[in-house]
Amino acid sequence: MSMTNPVDANYGSAYYVQANNTAVKPNSEEDNVSIYADKGSKAEKIDVDYACTDGKDDGKLGFGETMESVGKGILKSAKNMVTAPFTEAAKGNFLPLAAVAGGALLCATPLGAPIAVIGGVLGLAKGAVDVVGGISKASEIANSADGTDGEAKAALEQIGSGVLTTGLSATAVFGGLKTMKGRAGSEMNKLASKAKAGEKVGFGEKVRAFGSDTVSSGKQTFGKLTGKSAAAAGAEANTAPDAEAAPDTPETVTDVDNAAQGQQQAG
């Protein structure tokens, strides 16, 4: 098979990009993280994760490449979740890091479980959209006459990202619900007891119980913050000088003297 720009034997296996099978070679200086397509006098940097490796840049991948791309999507998404707040902070944007810290603090309060459930439900929706969208794109590219392997791999990575989001979100939902059901006296705890007793519990009842417990958890959380402030204010008031107590002293002393004279006359 003829190639536009043959790869020198010193570079090992060839990679191919675009429909014209332009040969590219791994960049040893970057540990094969990226590769370069030699297009005449211009070298174009290409991400090796999206390069064609079978010489047929047609958007059709084997089972091994498919699973590899899905796995890369999972790993990249996990890495981004951990590093993105710090990366943004390094650029001067501290909002993501502050949001993570604030969320961690809220998770330690009674409101943490409801927040985990609500966030998990939103995450499940996003994960499902990513998975379905990725599958749709990969199928469309594979059946297209002008689809490329790079596009197919990108779609498969989207599926992997959606899988991770769905899994983590499901864990958050189940964990949050378990915590809420385990709180004695909560509405969800009462419903759980009814279910264990064999009574039928409707979906509407569960939603109302969740809403009630979420509101009460919010009041409890912010009530604690307000209580701390009130306690601090009370402590400051107690340490203030008793300036207003001075006028009552003569009256109090007089009352004591009168009581003493009364006791002497009775004796």
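A. Examining the environment of Gly-133 more closely. By secondary structure assignment, the location of Gly-133 is in helix H3 (residues 112–142). Note on Gly-133: relative accessible area 21%, which makes it partly exposed.

B. A nonpolar patch on the surface, seen in detail. There is a patch of nonpolar side chains on the surface, built from Met-81, Val-82 and Leu-168 and spanning about 280 Å² of accessible area. Checked against the element boundaries, Val-82 lands in helix H1 (residues 63–90). When its relative accessible area of 55% is taken as the criterion, Val-82 is described as exposed.

C. A look at the pattern of salt bridges. Applying the stated criterion across every chain, the model contains 9 salt bridges. Glu-157 is the salt-bridge partner of Lys-76, the closest N and O atoms lying 3.1 Å from each other. Of the two residues, Lys-76 is situated in helix H1 and Glu-157 in helix H4 (residues 149–181); the sequence distance between them amounts to 81 residues. For Lys-76, a relative accessible area of 32% corresponds to the partly exposed category. Across the pair Glu-205 and Lys-194 runs a salt bridge whose closest N-O atoms are separated by 3.4 Å. Of the two residues, Glu-205 sits in helix H6 (residues 203–238) while Lys-194 sits in helix H5 (residues 187–196), which places them 11 residues apart along the sequence. Take Glu-205: its relative accessible area is 27%, and that puts it in the partly exposed class. The class for Lys-194 is partly exposed, based on a relative accessible area of 26%. When salt bridges that share partners are traced, they join Asp-49, Glu-68, Lys-72, Lys-76 and Glu-157 into one network.

D. Structural context of the confidence of the model for the protein chain. The share of residues in the protein chain with pLDDT of 70 or more is 67%, and the mean pLDDT across the chain is 76. Counting contacts from residues 1–36, a segment whose pLDDT is below 50, to residues more than four positions away or on other chains yields 83 contacts. The low-confidence segment residues 242–246 (pLDDT under 50) makes 0 contacts with residues lying over four places distant or belonging to another chain.

E. Broad picture of the packing of H3 against H4. Packing of H3 against H4 brings their axes to within 6 Å, and their N-to-C directions diverge by 160°. In terms of their interaxial angle, H3 and H4 are classed as roughly antiparallel. Relative to H4, H3 is oriented so that their crossing is left-handed. Class assignment for the residues of the contact of H3 with H4 results in 22 nonpolar, 12 polar and 3 charged.

F. Highlighting the side chain of Thr-165. With respect to the helices and strands, Thr-165 occurs in helix H4. By relative accessible area, Thr-165 is classed as buried at 13%. Apart from residues no more than four positions distant in its own chain, Thr-165 is found in contact with Met-81, Gly-123 and Gly-127.

Criteria and thresholds
Every chain begins its residue count from 1, and numbering advances along the sequence as written. Local features are withheld for residues below a pLDDT of 70 in this predicted model, meaning they are given only at 70 or higher, and side-chain atom pairs are given and counted only at 80 or more; totals for whole chains, interfaces and linings count all residues. Note: side-chain values were computed over all heavy atoms of the structure, leaving out hydrogens and water. Helix and strand definitions here come from DSSP, where helices need a minimum of 4 consecutive H or I residues and strands a minimum of 2 consecutive E residues; each element is numbered from the N-terminal end. The buried label goes to any residue with under 20% of its type's maximum accessible area, the exposed label to any with over 50%, and the partly exposed label to all in between, with areas taken from a 1.4 Å probe on protein chains only. Patches were defined on residues exceeding 30% relative accessible area and lacking a salt bridge, with like-charge contacts within 9 Å and nonpolar side-chain contacts (Val, Leu, Ile, Met, Phe, Trp, Tyr) within 5 Å. Each accessible area is a Shrake-Rupley result for a 1.4 Å probe, and residues are judged covered by the shown protein chains and nothing else. The term salt bridge refers to a pairing of a side-chain nitrogen on Lys or Arg with a carboxyl oxygen on Asp or Glu at a separation within 4 Å. Within a predicted model, pLDDT stands for the predictor's per-residue confidence, ranging from 0 to 100. What makes two residues a contact is simply this: any of their non-hydrogen atoms within 4.5 Å. Note on definitions: angles span 0 to 180 degrees between N-to-C directions of axes, and those axes are lines fitted to C-alpha atoms, for helices only across the stretch in contact. Any angle that falls under 35 degrees is termed roughly parallel, while one over 145 is termed roughly antiparallel, one within 65 to 115 roughly perpendicular, and all others oblique. Note: crossing handedness is left-handed where the near helix turns anticlockwise from the far helix by less than a right angle, and right-handed where it turns clockwise. Each residue gets one label: Ala, Val, Leu, Ile, Met, Phe, Trp, Tyr, Cys and Pro are nonpolar, Asp, Glu, Lys and Arg are charged, and the others, such as Gly, are polar.

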